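# Observations on chain architecture
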Amino acid sequence: MALKRGLSSSSVAVQRNRSSGSRLPTAILVFFSVLAPFVLFVGRGLCISDQNSTQSGFSKQVIEIVTTSTANLGSLNLESFRKGNLSASWKVVGVETLIEDNAVSKATDLKQEMTQDDHTHDTPAKILRRQLMDDKRERWAAELVQQDEKATIKLENSAIQRSKAVDSAVLGKYNIWRRENENDKSDSRVRLMRDQIIMANVYVSIAKLKNKLDLQQELQIKLKEIQHDLGESTSDSDLPRSAPEKIKAMGKVLSKARDQLYDCKSVTGKLREMLQASDEQVRRLKKQSTFLSQLAAKTIPYAIHCLSMRLTIEYYLLPLEKRKFPRSENLENPNLYHYAVFSDNVLAASVVVNSTIMNAKDPSKHVFHLVTNKLNFGAMNMWFLLNPPGKATIHVENVDEFKWLNSSYCPVLRQLETAAMKEYYFKADHPTTSGSSNLKYRNPKYLSMLNHLRFYLPQVYPKLDKILFLDDDVVVQKDLTGLWSVDLNGKVNGAVETCGQSFHRFDKYLNFSNRHISQNFDPNACGWAYGMNMFDLKEWKKKDITGIYHKWQSMNEDRALWKLGTLPPGLITFYGLTHPLDKSWHVLGLGYNPSVDKREIEHAAVVHYNGNMKPWLDLAMTKYRPYWTKFVKYDHPYLRSCNFSE
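Residues numbered from 1 in each chain as written. Predicted model: local features only at pLDDT ≥ 70, side-chain atom pairs only at ≥ 80, totals over all residues. Heavy atoms only, no water.

Our focus in this paragraph is the overall build of the protein. Of regular secondary structure, the protein possesses 27 helices and ten strands. For the protein, the proportion of its 646 residues judged to be buried stands at 39%. Contacts spanning at least 24 positions in sequence make up 76% of the contacts within the protein whose residues lie at least 6 apart. (Helix = DSSP H or I, 4+ residues; strand = E, 2+ residues; numbered from the N terminus. Buried < 20%, exposed > 50% of the residue type's maximum accessible area, 1.4 Å probe, protein only. Contact = heavy atoms within 4.5 Å.)

Shown next, in the form of structure tokens:
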């Protein structure tokens with residue numbers, strides 16, 4: 001009954017406030033409309049509990065807790081709400097209440113009296129229940145705070161991860177909040193001018209078709225002006241001061257042309273035509289760029305050609321007795337460390353020899369066998385006569401003096417004499433429409449016997465047991481004598497494998513649509529690298545490696561098995577006969593790959609500039625060139641006279 005009286009008094013209070021014109025917040029009305037049924041329901045349960053009714057909807061424990069929780073609140077009315085006698089979750093923020101001083105004081109006195117009375121008559125059971133409820137509320141509050149802290153930390157961590165994934169450079173360039181004058185490289189005007197040029201070209205052609213000659217002429221004049229101002233500009237700062245005026249003038253003319261000439265079908269057709277023409281131009285330029293890069297890679301620079309000519313002249317002016325190298329008795333000693341280097345580049349060969357000697361523990365035990373062609377034979381000899389490799393032994397030979405290497409014995413020389421091969425490789429007007437890959441292999445250098453001489457090592461050095469083959473575009477950074485101690489397990493070739501990626505497997509180099517290839521080789525077999533190879537010449541002779549090479553080379557006369565080069569026939573010849581070496585012995589890619597790991601380069605025994613960007617060419621990658629140039633004597637008088645520069 002007390003609860004009902006409290007609610008009725010609250011209703012009266014609400015009506016009194018309405019009639020008096022005071023503005024009672026809507027939230028309070030909603031509060032009482034929602035809470036009233038619940039309070040009546042609870043009150044009914046309490047009344048039933050007092051009468052010891054067995055039909056109560058609540059257990060005795062629940063009723064006691066509710067009674068205890070509301071004991072000190074008194075009857076619910078509007079004044080109790082205004083005084084804030086509610087939990088924090090029911091308080092309305094921002095609502096001002098106007099309460100008279102006497103009402104506040106009366107309510108305060110009444111509350112104190114009720115509190116005193118309640119606490120005076122509290123039973124031990126009520127006190128215990130109150131303590132239990134307080135403890136429970138504290139635990140709930142602590143758990144909520146802890147959950148809130150965990151959620152906050154989780155959100156912060158996820159936000160940090162998302163911020164790391166965002167490319168700040170992209171945001172800086174495309175952020176819509178940026179100011180244009182903060183970016184010196186802004187290109188918005190440049191792009192606008194390019195778009196205007198495209199549309200002007202479209203409308204010029206349409207105006208010509210529709211016989212709008214005056215408009216066509218006006219467009220052409222503005223087109224020339226804006227093209228002149230644009231020039232080679234890549235950012236707005238590169239544009240002249242007159243550019244904004246030209247942009248406005250072109251915009252007016254384009255607007256005029258659009259009003260008179262715009263036709264969706266005509267504009268779309270012209271844009272498609274321009275796009276196709278641009279694509280064709282891009283393809284043509286790419287092919288031309290590939291051809292020129294291949295040409296640059298195979299061309300001897302002027303400085304190296306100058307050096308070769310000067311050295312050749314000096315060599316043939318020497319008396320015969322001064323043209324010999326010392327320590328010739330070491331050339332056939334199998335107990336020493338022998339190297340084979342086949343090159344027509346004097347400077348490149350000198351770097352290979354110098355870098356090997358400078359990193360050798362005992363240079364006197366190292367023997368270098370150099371083979372070149374007759375054009376560079378004198379220059380190669382003269383260079384090492386003027387710059388002897390310390391205590392190491394060196395010997396230079398001319399491949400053209402190997403009389404046993406003739407067309408009756410060597411399939412490559414025999415194929416080169418056929419009319420079809422001569423037309424394919426040496427005819428000036430041969431087609432180049434087959435793609436950039438063929439441009440590489442159409443170079444006659446790939447038929448040079450200096451390249452194919454690697455398949456005849458036992459014939460060139462019959463008294464040696466092992467020999468280390470080095471390309472002329474490598475640099476040695478560590479002592480290599482440990483390679484002679486590597487057990488090849490009965491294999492012929494020791495090489496570093498290159499199948500870390502799929503395109504370095506056999507199917508990249510060989511034509512597996514040919515039955516001879518598909519029946520004898522695995523397309524997923526791992527490829528390996530030429531450039532630093534340890535060859536066991538005893539096993540070579542036992543397994544007749546040169547004979548295997550001759551067999552497959554003869555079968556490839558029509559180039560049906562592979563394109564030219566020495567790696568594809570090498571993969572076939574040494575199939576199943578190659579022992580993988582540790583990758584740190586030989587690191588490749590410095591002639592084409594700009595992302596070779598610097599740590600791998602620095603820890604490698606040999607680095608290889610395989611690819612078109614050779615270190616002696618102008619197109620070499622700058623960051624890799626110092627590994628090669630530190631072994632070049634740029635202060636040498638012959639190099640200075642030929643204008644060599646680092």
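The strand order across the open sheet built from seven strands is S3-S2-S1-S4-S7-S6-S8, with neighbouring strands paired in mixed fashion. A single partner strand is all that each edge strand has here, and the edge strands are strand S3 (393-398) and strand S8 (578-580). Each adjacent strand pair in this sheet contributes to an overall mean axis angle of 25°, direction not counted. One ladder, built from six bridges, connects strand S1 (residues 337-342) with strand S2 (residues 366-372); its direction is parallel. The residue of S2 that forms the bridge with Tyr 337 is His 366. (Pairing = 2+ DSSP bridges. Axes fitted to C-alpha atoms, helices over the stretch in contact; angles between N-to-C directions.)

Between helix H9 (residues 213-230) and helix H10 (residues 243-261), the shortest axis-to-axis distance is 10 Å and the interhelical angle comes to 150°. In this view, H9 runs roughly antiparallel relative to H10, as classed from their interaxial angle. Taken as a pair, H9 and H10 cross one another with a handedness that is left-handed. In contact with Leu 215, Glu 218, Leu 219, Lys 222, Leu 223, Glu 225, Ile 226 and Asp 229 of H9, H10 contributes Ala 243, Lys 246, Ala 249, Met 250, Val 253, Leu 254, Lys 256, Ala 257, Gln 260 and Leu 261. In terms of residue class, the contact of H9 with H10 is built from eleven nonpolar, one polar and six charged. (Parallel < 35°, antiparallel > 145°, perpendicular 65-115°, else oblique. Left-handed = near helix turned anticlockwise from the far one by under 90°. Nonpolar A, V, L, I, M, F, W, Y, C, P; charged D, E, K, R; others polar.)

A cluster of nonpolar side chains, namely Phe 291, Leu 292 and Leu 295, defines an oily patch on the protein surface of about 270 Å² accessible area. Relative to the elements of secondary structure, Phe 291 occurs in helix H11 (residues 264-298). (Patch = residues over 30% accessible without salt bridge, like charges linked within 9 Å, V, L, I, M, F, W, Y side chains within 5 Å. Areas by Shrake-Rupley, 256 points an atom, 1.4 Å probe, with all protein chains shown as cover. Salt bridge = Lys/Arg side-chain N within 4 Å of Asp/Glu carboxyl O.)

This paragraph deals with unusual backbone geometry. Backbone geometry places Arg 327, a non-glycine residue, at a positive phi of 55°. One can find Arg 327 in the loop between helix H12 (302-316) and S1. Using a relative accessible area of 31% as the deciding quantity, one classes Arg 327 as partly exposed. Phi angles above zero are rare outside glycine, and Asp 544 is one such case at about 50°. In this structure, Asp 544 sits in the loop between helix H22 (537-543) and helix H23 (545-555).

Next up on the list: the state of the cysteines. Here the structure, examined in full by the defined rule, presents two disulfides. The side chain of Cys 306 participates in a disulfide bridge whose partner is Cys 642; the two sulfur atoms lie 2.2 Å from each other. Torsion about the S-S bond of the Cys 306 and Cys 642 cystine: about -70°, corresponding to left-handed handedness. With a gap of 336 residues between them, Cys 306 in helix H12 and Cys 642 in the segment after helix H27 (637-641) connect regions that are remote in the sequence. Given a relative accessible area of 1%, Cys 642 falls into the buried group. (Disulfide = S-S within 2.5 Å.)

Another point: the packing of aromatic side chains. All chains considered together, the criterion is met by 24 aromatic pairs. For the ring pair Tyr 339 and Phe 368, a centre distance of 4.8 Å and an interplane angle of 15° mean the geometry is stacked. One end of the pair, Tyr 339, is in strand S1; the other, Phe 368, is in strand S2, with 29 residues separating them in the sequence. Both residues of the pair, Tyr 339 and Phe 368, count as buried. Ring geometry for Trp 528 against Phe 574: centres 6.0 Å apart, planes inclined by 75°, an arrangement best described as edge-to-face. Of this pair, Trp 528 sits in the loop between helix H21 (515-518) and strand S7 (532-536) while Phe 574 sits in the loop between helix H24 (567-573) and S8; the two residues are 46 residues apart in sequence, bridging distant segments of the chain. The two residues Trp 528 and Phe 574 agree in class, both being buried. It is Arg 323 that lies over the ring of Tyr 315; its NZ or CZ is 4.9 Å from the centre. Looking at Arg 454, its charged tip hangs above the ring of Tyr 530, at a distance of 4.6 Å from the centre. (Phe/Tyr/Trp six-rings, centres within 6.5 Å; stacked < 30°, edge-to-face > 60°. Lys NZ or Arg CZ within 6 Å of the ring centre and 35° of its normal.)

With that settled, consider the pairing of S2. S2 sits mainly inside the fold: seven of its seven residues count as buried. In terms of handedness, the path from S1 via helix H13 (residues 346-358) over to S2 forms a crossover that is right-handed. What joins S2 to S3 is helix H14 (residues 377-386), and the crossover it makes is right-handed. (Right-handed = clockwise from strand over helix to strand, strands pointing away.)

Moving on, we get to the pairing of S3. Remark: a regular strand shows side chains that alternate across the two faces of the sheet. Where burial is concerned, most of S3 is hidden: five out of the six residues are buried. As paired strands, S2 and S3 are joined by six bridges and run parallel to one another. For Val 371, the partnering residue across the bridge sits in S3 and is Glu 397.

Moving on to the sheet that holds strand S9 (residues 586-587). By definition, the strands of a sheet pair up through backbone hydrogen bonds, in either a parallel or an antiparallel sense. In spatial order, the strands read S5-S10-S9; together these three strands make up an open sheet with mixed pairing. On the outer flanks of this sheet lie strand S5 (474-476) and S9, each paired with one strand and no other. Of the pairings in the sheet, the one linking S9 to strand S10 (residues 606-608) comprises two bridges and is parallel in character. By the bridge assignment, His 586 is partnered in S10 with Val 606.

Per-residue confidence for the protein gives a mean pLDDT of 79; residues scoring 70 or more make up 72%. Residue range residues 1-56 is modelled with pLDDT below 50. Its contacts to residues more than four positions away, or to other chains, number 50 contacts. Under a pLDDT of 50 for its full length, residues 81-100 has, in the predicted model, 23 contacts with residues more than four places off or in other chains. (pLDDT = per-residue confidence, 0-100.)

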